[in-house]
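# Understanding the architecture of this molecule
Given next are the chains, with one letter for each unit.
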Amino acid sequence: MTNSLYTSLLNDHQKHQKKFAVLLDPDKIAPGHLEILTRKAIDASVDYFFVGGSLLVKDSMDDCLAPIKANCDIPVILFPGNAYQVNAKADGIFFLSLISGRNPELLIGQHVIAAPLLKESDIEVIPTGYMLINGGAPTAASYMSSTTPIPHDKNDIAVCTAMAGEMLGLKLIYMDAGSGARNPISESMIAAIREKIDLPIVVGGGICDAEKAYLNCKAGADVIVVGNAIEKEPDLITEIAEAIHSFETVS
Ligand code: 1GP
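Residues numbered from 1 in each chain as written. Predicted model: local features only at pLDDT ≥ 70, side-chain atom pairs only at ≥ 80, totals over all residues. Heavy atoms only, no water.

This part takes up the environment of Q14. Along the chain, the position of Q14 falls in helix α1 (residues 4-14). Assessed through its relative accessible area of 53%, Q14 is described here as exposed. Sequence separation of Q14 and D222 is 208 residues, and the distance between their C-alpha atoms is 9.4 Å. (Helix = DSSP H or I, 4+ residues; strand = E, 2+ residues; numbered from the N terminus. Buried < 20%, exposed > 50% of the residue type's maximum accessible area, 1.4 Å probe, protein only.)

Below, the structure is given as structure tokens:
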């Protein structure tokens, strides 16, 4: 098993080089849409595809991953809702421990099921502290995980949770307001966590414009994830990528 994806995430974090990930929910991609998104992502120098969902009902993972891997070199990292979403076509997987919740199944249970599959594969495993933050309404992630998200304005709880994740040896913190969140995560919460931990931070959930993506980078996010907004408006890929990649040159 290699660790090239994580090494690269860590190097970019240390150099303050901000990265852009496009999240694909394999069930939701319309026929023909994947080719368009892939082309736009290549043209915009998107850094990662994250692939997965809280609940997949169509057995669509292979159909999503195969064309991406055939047509571009953008690394694909699984962002799985459960152990069934492990797929050997991916380059890596966020091994998500839902540290904002108290559901043992998502802290360690699904991991036990996935471990032997991952051990036999070439998929790079990235141990990840996954934190759900209240985005203003219940999301598929909060419902499917049977957990209560951290309140939107409770920065202290979020900071303590992230610190505990780091002390447990997790390698990355993923802060998520949930797909389609009404309110994305506040910059003040991102900044508060950034101040207390040294790990790369991924931020997503409800981000739908370049300005918000940029502000999140400024607050300390290393990777910005956008899914929903891009599914609705693929042209956003270009402007959000430009904003994120411009960060180092203007700050
Ligand atoms: C959700 O972080 C992701 O898990 C992205 O959310 O689909 O709202 O961009 P959106």
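Two elements in contact, helix α8 (residues 210-219) and helix α10 (residues 236-245), have axes separated by 8 Å at closest approach and are oriented at 25 degrees. Considering their axes alone, α8 and α10 lie roughly parallel with respect to each other. The hand of the α8/α10 crossing is right-handed. When α8 is examined against α10, the residues A210, A213, Y214 and C217 are found in contact with a partner set consisting of E239, I240, A243 and I244. For the contact of α8 with α10, the per-class residue count stands at seven nonpolar, no polar and one charged. (Axes fitted to C-alpha atoms, helices over the stretch in contact; angles between N-to-C directions. Parallel < 35°, antiparallel > 145°, perpendicular 65-115°, else oblique. Left-handed = near helix turned anticlockwise from the far one by under 90°. Contact = heavy atoms within 4.5 Å. Nonpolar A, V, L, I, M, F, W, Y, C, P; charged D, E, K, R; others polar.)

Quick look at the side chain of Q110 now. Examined against the element boundaries, Q110 turns out to sit in helix α4 (residues 104-119). For Q110, a relative accessible area of 17% gives the class buried. Q110 has contacts with N82, A83 and E105, leaving out every residue within four places of it along the chain.

The subject of this paragraph is the site of the ligand. Near the ligand lie 13 residues; those nearest to it are D176, S179, G180, G206 and G227. Between the ligand and the protein, one listed contact pairs an oxygen atom with a backbone N or O atom of G206 at 2.8 Å. In this structure, an oxygen atom belonging to the ligand sits 2.8 Å away from a main-chain N or O atom of G227. Alone, the ligand offers 300 Å² of accessible surface; in the complex the protein occludes 97% of this. Looking at the shell around the ligand residue by residue, the class counts come to four nonpolar, eight polar and one charged. (Near = heavy atom within 4 Å. Polar contact = N/O pair within 3.5 Å; in protein donor to acceptor, adjacent residues only side chain to side chain. Areas by Shrake-Rupley, 256 points an atom, 1.4 Å probe, with all protein chains shown as cover.)

As a further point, take helix α2 (residues 33-43). Those residues of α2 lying buried are H33, L34, L37, T38 and A41. All buried residues of α2 project into a common sector of 130 degrees when viewed along the axis, lining one side. Check the buried side of α2 and you find it contacts β1 (19-24), β2 (48-51), α3 (61-71), α9 (228-232) and α10. Immediately downstream of α2, the backbone of S45 shows phi near 55 degrees, a positive value. (Arc of directions from axis to C-beta.)

On to the nonpolar core. In this structure, F20, L24, F49 and F50 are the most contacted members of the largest nonpolar core, which totals 86 residues. Residue contributions to this core peak at six residues, all from α10. Apart from the residues within four sequence positions on either side, F49 is in contact with V22, L24, T38, A41, I68, C72, I74, P75, V76 and I77. (Core = buried A, V, L, I, M, F, W, Y, C linked by side-chain atoms within 4.5 Å.)

Let us look at unusual backbone geometry. Of note in this structure, D59 is not a glycine but carries a positive phi near 55 degrees. Summarising the element assignment, D59 is placed in the loop between β2 and α3.

Further remarks concern the sheet that holds strand β3 (residues 76-78). The strand order around the closed barrel built from eight strands is β1-β2-β3-β4-β5-β6-β7-β8, with neighbouring strands paired in parallel fashion. Each strand axis lies, on average, 30 degrees off the axis of its neighbour in the sheet, ignoring direction. For strand β6 (residues 172-176) and strand β7 (residues 201-204), the ladder comprises four bridges, and the chain directions are parallel. Residue pairing across strands places Y174 opposite V202, the latter belonging to β7. Strand contacts of α4: β4 (92-98) and β5 (124-132), with the helix running at about 155 degrees to β4, the strand carrying the most contacts. (Pairing = 2+ DSSP bridges.)

Glancing now at a negative patch on the surface. On the surface, a cluster of negative charge is contributed by D209, E211, E233, E239 and E242. Along the chain, E211 falls in helix α8. The class for E211 is exposed, based on a relative accessible area of 57%. (Patch = residues over 30% accessible without salt bridge, like charges linked within 9 Å, V, L, I, M, F, W, Y side chains within 5 Å. Salt bridge = Lys/Arg side-chain N within 4 Å of Asp/Glu carboxyl O. Lys, Arg positive; Asp, Glu negative; His and termini not counted. Charge placed at Lys NZ, Arg CZ, Asp CG, Glu CD.)

Turning to the side chain of S145, a few remarks are in order. Tracing the chain through its elements places S145 in helix α5 (residues 140-145). In this structure the side chain of S145 is engaged in a polar contact, spanning 3.2 Å, whose partner is the backbone oxygen of S142. Residue contacts for S145: discarding those within four places in its chain leaves L98, N103, L106 and L132.

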